[in-house]
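If you want the building blocks of each chain, they are given just below.
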Amino acid sequence: MQPPVQTTGLTKRYGGLTAVRDLDLTVRAGEVYGFLGPNGAGKTTTLRMLLGLIRPTSGAVRVFGARPGEPGHLGSVGALIEGPAFYPYLSGRDNLRLLARYAGTGAHRVPVVLDLVDLTDRAGDRYATYSLGMKQRLGVAAALLKDPRLLILDEPTNGLDPAGMADMRALIRRLGAGGCTVLLSSHLLGEVQQICDRVGVVSKGQLVAESSVAELRGAAALRVMAEPLDRAEVLARALLGDDRVRVVDGALELAVGPQRAAAVNAELVGAGVAVSELRLRERDLEDVFLELTSGGLTHVA
Amino acid sequence: MLRSWQAEMIKLVKRPATWLLLVLALLLALLFTYLFPYASYAGGTGGPNSDRTLPMLLPEQLVGNSLGGLPVFLGAIVLILGVLTVGGEYGWGTWKTLLTQGPTRLATYAGKLLALAVAALVLVLSLFATGAATSVVIAGVESQPVAWPSVADLAVGLGAGWLIATMWAMLGALLAIALRGVALPIGLGLVWMLAVQNLLAVIAAPLLDWVAEAQKGLPGPNAGSLVAALGATGDTPGVAAVVGGGQAALVIGGYLLAFVAAGGLLLHRRDIL
Ligand SMILES: Nc1ncnc2c1ncn2[C@@H]1O[C@H](COP(=O)(O)OP(=O)(O)OP(=O)(O)O)[C@@H](O)[C@H]1O
Ligand SMILES: [Mg+2]
């Protein structure tokens, strides 16, 4: 079967600015893929190219094997790109009915998707009167209208309150579990961490890392607060090897897994060092992200 | 395309601005074609041509009277409708919503244009209907005989009116696509229709032969010539027989197709932001 999304050498230039550079992206069937990057990284531009809204300068896009503009390219794709856009003089429900007509899907899905995003109560009100979060929910409802096999969501939790965000994450996880492929962009790491199977990190239009969340975060480390610190450092180096021991913010950071914690503790305490704290420190995705997107091109396999 | 057309019709019908424009068009047409001339006739202030006023208001003149406004002010209203229908998608950012539903850009565009053509037909039919009703009332009040134009004349008149109105709507659509919005296309469209065309005809053409010749190729003067050939009076702004009716109809048809093609090309090729 053709992958839901495949781009090869995808590039978009605006004058002298390269918004997306030579991007090879593959989203596999059934996965929830997080497209992560800081402001202006080229996420929205990429998603627009997938949907045929903008033309690549070079490179190719395939959605379920079809090129943008070919019949069937968008047949089973639902999308919400850069904020919802609807007709202000129509109600939320009428907006969805209208889109169902364009899509040729019939209106039977309208109450279903309104319910999914929890908007049934206000569906009869004019779109112009909706709050930011309600507009966003309607946008997600519209993306679900076709009962899509591929869902493309550009910052879906934008404008939602914490409960709304949690609902939205749950909904996306549910859709993913139900066999729908989801490609979502975000700069919220926590969000991506919670719902995505795989993430791709873009920076300045280039894919700088692509892997599972766990891989991206890398190996765990032990953080040890001990007194006196220099004595503890010497002992740790002797025990674990020089390259596994660093001093960070007045504490030892040991590049070993939790299974070595007891041994480290026994060694230090046995040598008369006072250990006031010893805990597992997972590398924060936030750090990884900042590292990847600010500095040069670090490749995480 | 059929699906897009149905959806566009729904949007058009549910949009309050559509009805405002229709009511405005009918009101303006009634006022300037019938009510003001009739008031001047009834009040005896019609001047030396007063005896020529009444016959102009009777059902027999229905075709010319219904078409007279289309070269300029009714045309301007249809142009606004064209701009709103297409430009609204830019203003609200709804192109991306529409164009991710499935139908291609050109199918969506065709649906829009079809809906605009239907709206233009509804406008022209309404102009004829309100004109017919008003002239019958005037004939009744003034105890004049009621004679209707022939069916053939009516059909030709309706067709010509539809052609002209659709051409303006397509110009509006093209301007909206070219300028990606609503405000500027309406502004420029109205300046062209209400001011520039008039200045060309009234000031420049009498002074310069080449302007007079060039005018014969512009959409406005051709619309004016077509309706003049079908009986609209030369008192209405923009109505003047600068070319023959048949030629005018061809030129207008040519403009219609050119506007449609140019708009389609731009929409097809440009990025949707
Ligand atoms: N139409 C355009 N003309 C010129 N430059 C553009 C255009 N659209 C996008 N860009 C530029 O391309 C780059 C990528 O923009 P894009 O919207 O894809 O970023 P993004 O990753 O979605 O950012 P954000 O997280 O802020 O939404 C930016 O530098 C932006 O200024
Ligand atoms: Mg974006």
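Source: prediction; values computed, not measured.

## Considerations on the confidence of the model for chain A
Taken over all residues, the pLDDT of chain A has a mean of 88, while the share at 70 or more is 96%. Below a pLDDT of 50 lies the segment residues 296-301 of chain A, which in the model reaches 15 contacts outside its immediate sequence neighbourhood of four places, other chains included.

## Structural notes on the nonpolar core
Residue and element names in this part refer to chain A. In this structure, Leu-96, Ile-152 and Leu-183 are the most contacted members of the largest nonpolar core, which totals 148 residues. Beyond its immediate sequence surroundings of up to four residues, Ile-152 is in contact with Leu-47, Leu-50, Leu-51, Val-77, Gly-78, Ala-79, Leu-80, Ile-81 and Leu-183. Of all hydrophobic cores here, the second largest spans 15 residues; its members include Val-224, Ala-226, Leu-235 and Val-273.

## A few points about helix H1 (residues 43-50) of chain A
Residue and element names in this part refer to chain A. Counting buried residues along H1, 8 of its 8 residues qualify, which places the element largely inside the surrounding structure. Residues of H1 that are buried: Lys-43, Thr-44, Thr-45, Thr-46, Leu-47, Arg-48, Met-49 and Leu-50. One or two steps after H1, the chain reaches Gly-52, where phi turns positive at roughly 80°.

## Points about the site of ligand 1
Close contacts around ligand 1 come from 14 residues, with A:Asn39, A:Gly40, A:Lys43, A:Thr44 and A:Thr45 the closest. Chain contributions to the surroundings of ligand 1 come from chains A and B. Here an oxygen atom of ligand 1 and a backbone polar atom of A:Gly42 are 2.9 Å apart. Isolated, ligand 1 exposes 630 Å² of accessible area, and the fraction of that covered by the protein chains is 67%. Counting only elements with at least two residues in the shell around ligand 1, the list comes to strand E2 (17-27) and H1 of chain A. Per-element tally for the shell around ligand 1: the top contributor is H1(A), with 3 residues. Of the residues assigned to the shell around ligand 1, the class counts are 6 nonpolar, 6 polar and 2 charged.

## A closer look at the sheet that holds strand E1 (residues 5-14) of chain A
Residue and element names in this part refer to chain A. Here 3 strands make up an open sheet; going across it, the order is E2-E1-E4 and the pairing antiparallel. A single partner strand is all that each edge strand has here, and the edge strands are E2 and strand E4 (58-63). Ignoring which end each strand starts from, the neighbouring axes of this sheet average 20° apart. For E1 and E4, the ladder comprises 5 bridges, and the chain directions are antiparallel. For Thr-11, the partnering residue across the bridge sits in E4 and is Ser-58. This element, H1, spans E1, E2 and E4 of the sheet and lies at about 120° to E1.

Conventions used here
Residues numbered from 1 in each chain as written. Chains lettered and ligands numbered in written order. Predicted model: local features only at pLDDT ≥ 70, side-chain atom pairs only at ≥ 80, totals over all residues. Heavy atoms only, no water. pLDDT = per-residue confidence, 0-100. Contact = heavy atoms within 4.5 Å. Core = buried A, V, L, I, M, F, W, Y, C linked by side-chain atoms within 4.5 Å. Buried < 20%, exposed > 50% of the residue type's maximum accessible area, 1.4 Å probe, protein only. Helix = DSSP H or I, 4+ residues; strand = E, 2+ residues; numbered from the N terminus. Near = heavy atom within 4 Å. Polar contact = N/O pair within 3.5 Å; in protein donor to acceptor, adjacent residues only side chain to side chain. Areas by Shrake-Rupley, 256 points an atom, 1.4 Å probe, with all protein chains shown as cover. Nonpolar A, V, L, I, M, F, W, Y, C, P; charged D, E, K, R; others polar. Pairing = 2+ DSSP bridges. Axes fitted to C-alpha atoms, helices over the stretch in contact; angles between N-to-C directions.

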